[in-house]
Amino acid sequence: MGKVLTDAQMEAFHRDGFVAPITIFSEEEALRLRRELEAAEAKWPGAFEGAARNNAHLNIMCLDEITHHPRIVDAAEDLIGPDILNCGTVLFIKEAHDPGFVSWHQDARYMGLEPHVGITLWVALSHANEHSGSMRMIPGTHDRIRAHKDTFGEENILTRGQEIEDLDESTAVTLDLKPGQMSIHSDRVIHSSLPNQSDDRRIGFVLQCFIPPYVKQTVRPMVAQHVRGQDPYGNFEMIGRPKRDMDPDDVFMRDRVNQVWSEVLYHGAEKRRNF
Ligand SMILES: O=C(O)CCC(=O)C(=O)O
């Protein structure tokens, strides 16, 4: 037994490349967090659009709370050990009946982080299921990185619309998360998601990704946030945590971090989009 994950869950992660569901918050707590997020969206319209969907935990307190929640960090520790850095977060929100989708891909392909030992923690603040366009995973595909093709597809909500072609998806598993639950996947496992056909927003707050501190950024110097434990390597410039919602210094920092991330994620790409 780990701090949060059972032996069976840790075994599933190492065998399949993902594990779910893991209950973090009660449905009431998840609803409180959703309300706080939606109040921030209403108060600062535009603050979460485009590239600003990235790293909003640097300027919104409820997202900072999730990012550093002890139970989430304990679950991460069960998989990658006690020394943990956070490279970033993404708000993956699909509005009701949103045609946006995510093609089959591996997170590690364009993140520049090596070795590929990072984990992505996907926290549901609304129901994420087949109907609302939850993630689909292909078990066991975390063995190696596949070739990706950039499509820049209009409804594709990945940066480059990158996709792995000619894939056998017959063994794909659809994740089913209630508000307050989370999944964890390896940065190497192949996954995707379909459009949201439901009447509610599908809100995923995604910690992408947590790494042990020996990991290096291979594209350019990079920032990261301390989450737990020691960092004897100093591979990243460390950034702090917000003091209050939308503090101008924190917004400036988020924009700087997003600029750096954009250079990494679009490294070598033919074009760039604003997210
Ligand atoms: O939220 C989604 O639909 C996809 C998210 C994703 O690809 C990821 O978290 O790695």
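Up top is the structure these notes are about.
In this report, we go over the structure that sits alongside the text. Note that the coordinates shown come from a computational prediction; the quantities given were computed from them, not determined experimentally.

Definitions and limits used
- Residues numbered from 1 in each chain as written.
- Predicted model: local features only at pLDDT ≥ 70, side-chain atom pairs only at ≥ 80, totals over all residues.
- Heavy atoms only, no water.
- Helix = DSSP H or I, 4+ residues; strand = E, 2+ residues; numbered from the N terminus.
- Rg over C-alpha atoms; globule rule 2.2 N^0.38 Å.
- Buried < 20%, exposed > 50% of the residue type's maximum accessible area, 1.4 Å probe, protein only.
- Contact = heavy atoms within 4.5 Å.
- Areas by Shrake-Rupley, 256 points an atom, 1.4 Å probe, with all protein chains shown as cover.
- Lys, Arg positive; Asp, Glu negative; His and termini not counted.
- Charge placed at Lys NZ, Arg CZ, Asp CG, Glu CD.
- Expected span 1.5 Å × (residues − 1).
- Arc of directions from axis to C-beta.
- Near = heavy atom within 4 Å.
- Polar contact = N/O pair within 3.5 Å; in protein donor to acceptor, adjacent residues only side chain to side chain.
- Nonpolar A, V, L, I, M, F, W, Y, C, P; charged D, E, K, R; others polar.
- Core = buried A, V, L, I, M, F, W, Y, C linked by side-chain atoms within 4.5 Å.
- Pairing = 2+ DSSP bridges.

**Topic: the overall build of the chain**
Next up, step 1: Of regular secondary structure, the chain possesses 5 helices and 16 strands.
Next up, step 2: Relative to its length of 275 residues, the chain is compact, with a C-alpha radius of gyration of 17 Å against a globular reference of 19 Å.
Next up, step 3: By its C-alpha atoms, the chain is 50 × 45 × 45 Å across when sized along the principal axes.
Next up, step 4: Scored against the burial criterion, the 275 residues of the chain give a buried share of 56%.
Next up, step 5: Across the chain, contacts joining residues at least 24 apart in sequence account for 84% of those joining residues at least 6 apart.
Next up, step 6: Entry remark: accessible area of the chain is about 11,900 Å², with carbon and sulfur atoms responsible for 50%.
Next up, step 7: Separation between the mean location of the 30 positive side-chain charges and that of the 43 negative ones in the chain comes to 3 Å.

**Comments concerning helix α2 (residues 27–43)**
Next up, step 1: Here α2 contains 17 residues, and its C-alpha end-to-end distance of 24 Å stays within 8% of the 24 Å for a straight helix at 1.5 Å per residue.
Next up, step 2: Burial in α2 covers these residues: Ala30, Leu33, Arg34, Leu37, Ala40 and Glu41. What you see down the axis of α2 is that its buried residues fit within an arc of 120 degrees, all on one side. Exposed side of α2, more than 90 degrees from the buried face: Glu28, Arg35, Ala42 and Lys43 are the residues found there.
Next up, step 3: On its buried face, α2 is in contact with α3 (61–67), β3 (89–94) and β13 (202–211).

**Focus on the environment of Val73**
Next up, step 1: Within the secondary structure, Val73 sits in helix α4 (residues 70–80).
Next up, step 2: Put simply, Val73 and Phe210 are 137 residues apart on the chain and 9.2 Å apart in space, counted from C-alpha to C-alpha.

**Things to note about the site of the ligand**
Next up, step 1: Residues in close proximity to the ligand total 14 residues, the closest being Trp122, His191, Ser193, Arg202 and Gln208.
Next up, step 2: Measuring from an oxygen atom of the ligand, one finds a side-chain N or O atom of His191 at 2.8 Å.
Next up, step 3: Here the ligand has 290 Å² of accessible area as a free molecule, and 99% of this is covered by the chains.
Next up, step 4: For the shell around the ligand, the leading source of residues is β13, giving 3 residues.
Next up, step 5: For the shell around the ligand, the class distribution of residues is 5 nonpolar, 6 polar and 3 charged.

**Regarding the nonpolar core**
Next up, step 1: Counting 40 residues, the largest nonpolar core has Leu63, Ile66, Ile72, Leu121, Met182, Ile184 and Phe210 as the members making the most contacts within it.
Next up, step 2: Put simply, the parts of the chain that give this core at least two residues each are α1 (7–16), β1 (18–23), α2, α3, α4, β6 (119–124), β11 (181–186) and β13.
Next up, step 3: The element best represented in this core is α4, accounting for 6 residues.
Next up, step 4: In contact with Ile184, other than residues within four places in its own chain, are Phe13, Gly17, Phe18, Val19, Ile22, Ala75, Leu79, Ile119, Thr120 and Leu121.
Next up, step 5: Residues Leu113, Cys209, Ile211 and Val260 belong to the second largest nonpolar core, which totals 18 residues.

**Describing the environment of Thr218**
Next up, step 1: In this structure, Thr218 sits in the loop between β14 (216–217) and β15 (223–228).
Next up, step 2: For Thr218 and Pro115, which are 103 residues apart along the polypeptide, the C-alpha to C-alpha distance reads 9.8 Å.
Next up, step 3: If we ignore the near neighbours within four places in the chain, the residues touching Thr218 are Gly112 and Glu114.

**So, the pairing of β11**
Next up, step 1: With respect to burial, β11 is a largely interior element, 6 of its 6 residues being buried.
Next up, step 2: Residues Gln181, Ser183 and His185 of β11 are buried on one face, and the alternating residues Met182, Ile184 and Ser186, pointing to the opposite face, are buried as well.
Next up, step 3: Alignment of β1 against β11, held across 4 bridges, turns out to be antiparallel. Residue pairing for β11: Thr23 is matched across the bridge by Gln181.
Next up, step 4: Relative to β11, β6 runs antiparallel, the two sharing 5 bridges. If you follow Trp122 over to β11, its bridge partner there is Ser183.

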